[in-house]
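For reference, the chains in residue letters:
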Amino acid sequence: VEAISKGVQTGLTMIVGPPGTGKTDTATQIMSLLYHMHPSERIVVITHSNDALDQLFHRLANIKDIDKSQLVRLGHRHVTDGVDYSREGRVKVLEQQRMVLLEELNRLSQSLGLGNNVAFTCESAYHFYFLYISPLWDSFVAKFNPETTKDLDAGSVFKNFPFSTFFALEAKFTGKDNASDYKEAMRLFAKVEHLVRKLKECEPIEVLRNDFDRGNF
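Below or above, wherever it landed, is the structure these notes cover.

So, on to the overall build of the protein. In terms of regular secondary structure, the protein is built from eight helices and two strands. Scanning the protein from its N terminus toward the C terminus, one meets helices and strands in the order α-α-α-β-β-α-α-α-α-α. Since a compact globule built from 217 residues should have a radius of gyration of about 17 Å, the 22 Å found for the protein marks it as more spread out than a globular shape. Out of the 217 residues in the protein, the part that is buried amounts to 34%.

Dropping the structure here:
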């Protein structure tokens, strides 16, 4: 614990010990913490061998809340656990991710009766979000937040949530308690916001036209 605590602080931290004492696990925990503490920063990991880097990548890739699309491996060996972490491999992952996210946003549009071809680029997806999705949500929050629903019938939040059709298979509204249903609405809309944020990360892949520039990004 002390090693992890010192490892996330400013300055040089050295962790020394014989094989099997947890140095790799400690380094993995330090990198995971730095990743979450400084999300806009880049972390460079240098090891003395490919095998050592294999172990680190294996552990990092299995931490659920680390976005694997942000892991890039340089050098002669790019594949870890069957996944290509080279710059070219990461570009392909982002391209695939971009298509999936745009399809999801189009599905959201279709669930609102707005057609299924509003998000064909990241830019058009942003316009759709700010022109249609954000106003719908703001209107819902203004009318059905915990303060305004105190005197309304139970189920008001559930019945008026604008994205019920889109989240039909995963929504967990009670239909009986407006306060808990509002929390569920907040949870679901956070997924929409996350979708838009992930699209923002994919935008350079759409703007940059050649593989060299995309790889450098």
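This is not the end of the story, as more comes after the structure.
Moving on: the side chain of N145. Along the chain, N145 falls in the loop between α5 (122–144) and α6 (156–160). Look at N145 and you get buried, because its relative accessible area is 17%. Apart from residues no more than four positions distant in its own chain, N145 is found in contact with F140 and Y182.

What follows deals with the environment of S180. On the secondary structure map, S180 appears in helix α7 (residues 178–207). For S180, a relative accessible area of 28% corresponds to the partly exposed category. With 23 residues separating them along the chain, S180 and V157 place their C-alpha atoms 9.3 Å apart. Within the structure, S180 has its side chain in polar contact with the side chain of D177 (distance 3.0 Å).

Our next topic: the pattern of salt bridges. For the structure on display, the rule yields nine salt bridges. A salt bridge links E203 to K200; the shortest N-O distance between them is 3.3 Å. One end of the pair is E203 and the other is K200, both in helix α7 and three residues apart, which spans about a single turn.

What follows deals with the packing of helix α4 (residues 87–111) against α7. Packed helices, taken two at a time, are described by their axes: the angle between them and the distance between them. For the pair α4 and α7, the least separation of the axes is 9 Å and the interaxial angle reads 135°. The orientation of α4 relative to α7 falls into the category oblique. With respect to the hand of their crossing, α4 and α7 are arranged in left-handed fashion. Seen from α4, the contacting residues are V91, L94, E95, Q97, R98, L101, L102, E104, L105 and L108; seen from α7, they are V192, L195, K198, L199, C202, I205 and E206. Split by residue class, the contact of α4 with α7 holds 11 nonpolar, one polar and five charged.

Look at helix α2 (residues 23–37) against helix α3 (residues 50–61): their axes get within 10 Å of each other, and the N-to-C directions meet at 50°. As summarised for this structure, α2 and α3 are arranged oblique, according to the angle between their axes. The crossing of α2 and α3 is right-handed. Here T24, D25, A27, T28 and M31 of α2 come into contact with α3, specifically with Q55, L56, R59 and L60. For the contact of α2 with α3, the residue count by class is four nonpolar, three polar and two charged.

Taking 1.5 Å as the rise per residue, α5 with 23 residues should run 33 Å; its terminal C-alpha atoms sit 31 Å apart, in good agreement. At Y129, α5 is deflected by roughly 40°, the largest bend along its length. Every buried residue belonging to α5 is among C122, S124, A125, Y126, F128, Y129, I133, S134, W137, F140 and F144, and all of these are buried. Lining the buried residues of α5 we find α4, α6 and α7.

What follows concerns the side chain of T28. Checked against the element boundaries, T28 lands in helix α2. In this structure the side chain of T28 is engaged in a polar contact, spanning 2.8 Å, whose partner is the backbone oxygen of T24. Among all residues touching T28, those that are not within four sequence positions of it are L56, R59, L60 and I63.

Definitions and cut-offs
- Residues numbered from 1 in each chain as written.
- Predicted model: local features only at pLDDT ≥ 70, side-chain atom pairs only at ≥ 80, totals over all residues.
- Heavy atoms only, no water.
- Helix = DSSP H or I, 4+ residues; strand = E, 2+ residues; numbered from the N terminus.
- Rg over C-alpha atoms; globule rule 2.2 N^0.38 Å.
- Buried < 20%, exposed > 50% of the residue type's maximum accessible area, 1.4 Å probe, protein only.
- Contact = heavy atoms within 4.5 Å.
- Polar contact = N/O pair within 3.5 Å; in protein donor to acceptor, adjacent residues only side chain to side chain.
- Salt bridge = Lys/Arg side-chain N within 4 Å of Asp/Glu carboxyl O.
- Axes fitted to C-alpha atoms, helices over the stretch in contact; angles between N-to-C directions.
- Parallel < 35°, antiparallel > 145°, perpendicular 65-115°, else oblique.
- Left-handed = near helix turned anticlockwise from the far one by under 90°.
- Nonpolar A, V, L, I, M, F, W, Y, C, P; charged D, E, K, R; others polar.
- Expected span 1.5 Å × (residues − 1).
- Bend = angle between axes of the 7 residues up to and from the residue.

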